[in-house]
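# Geometric and topological summary
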Amino acid sequence: MEYIGKVLEKLKDWARRVIDTLLGPDAEPEPELIPIPVNDRRRR
């Protein structure tokens, strides 16, 4: 039984490496947006 556990761990590790290779590194967080001032006065 211990042998099966070791094999499963190796398979999980291999699958994780394949997924990391295919998808690339972790996604970077989106940069914060810079607020743009808007003249919102309504003319009468």
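Residues numbered from 1 in each chain as written. Predicted model: local features only at pLDDT ≥ 70, side-chain atom pairs only at ≥ 80, totals over all residues. Heavy atoms only, no water.

## Comments concerning the overall build of the protein chain
Stated precisely, the cut-off is as follows: The helix count covers DSSP runs of H or I at least four residues long, the strand count covers runs of E at least two residues long, and both are numbered beginning at the N terminus. Using a 1.4 Å probe on the protein chains alone, a residue whose accessible area is under 20% of its type maximum counts as buried, one over 50% counts as exposed, and one in between counts as partly exposed. Note on areas: Shrake-Rupley with a 1.4 Å probe; residue coverage comes only from the protein chains shown.
Secondary structure assignment for the protein chain yields 1 helix and 0 strands. The 44 residues of the protein chain split such that 0% are buried. Of the roughly 5,600 Å² of accessible surface on the protein chain, a fraction of 59% belongs to carbon and sulfur atoms.

## Re a nonpolar patch on the surface
The line we're drawing: Each patch groups residues whose relative accessible area exceeds 30% and which form no salt bridge, using 9 Å between like charges and 5 Å between nonpolar side chains of Val, Leu, Ile, Met, Phe, Trp and Tyr. We count a salt bridge whenever a side-chain nitrogen from Lys or Arg sits within 4 Å of a carboxyl oxygen from Asp or Glu.
On the surface, M1, Y3, I4, V7, L8 and L11 cluster together to form a nonpolar patch covering roughly 700 Å² of accessible area. With respect to the element layout, V7 can be found in helix α1 (residues 2-23). Classification of V7 as partly exposed rests on a relative accessible area of 34%.

## Remarks on the pattern of salt bridges
Across all of its chains, the model carries 3 salt bridges by this definition. For E2, the salt bridge is made with K6, and the minimal N-O distance between the two is 3.7 Å. Taken together, the residues span about one helical turn, with E2 and K6 both in helix α1 at a distance of 4 residues. For E2, a relative accessible area of 61% translates into the label exposed. Relative accessible area serves as the criterion here: at 51%, K6 is assigned to the exposed category. The shortest N-O distance in the salt bridge between E9 and K12 comes to 3.9 Å. Highlighted residues: E9 and K12, both in helix α1, separated by 3 residues, approximately one helical turn.

## Quick notes on α1
Spacing of three or four residues puts side chains on the same side of an α-helix, whose turn is 3.6 residues. Note the cut-off: Helix span, expected: 1.5 Å multiplied by one less than the number of residues in the helix.
With 22 residues, α1 extends 32 Å between its outermost C-alpha atoms, agreeing within 8% with the 32 Å of an ideal straight helix rising 1.5 Å per residue. Immediately beyond the C-terminal end of α1, within one or two residues, lies G24, with a positive phi of roughly 85°.

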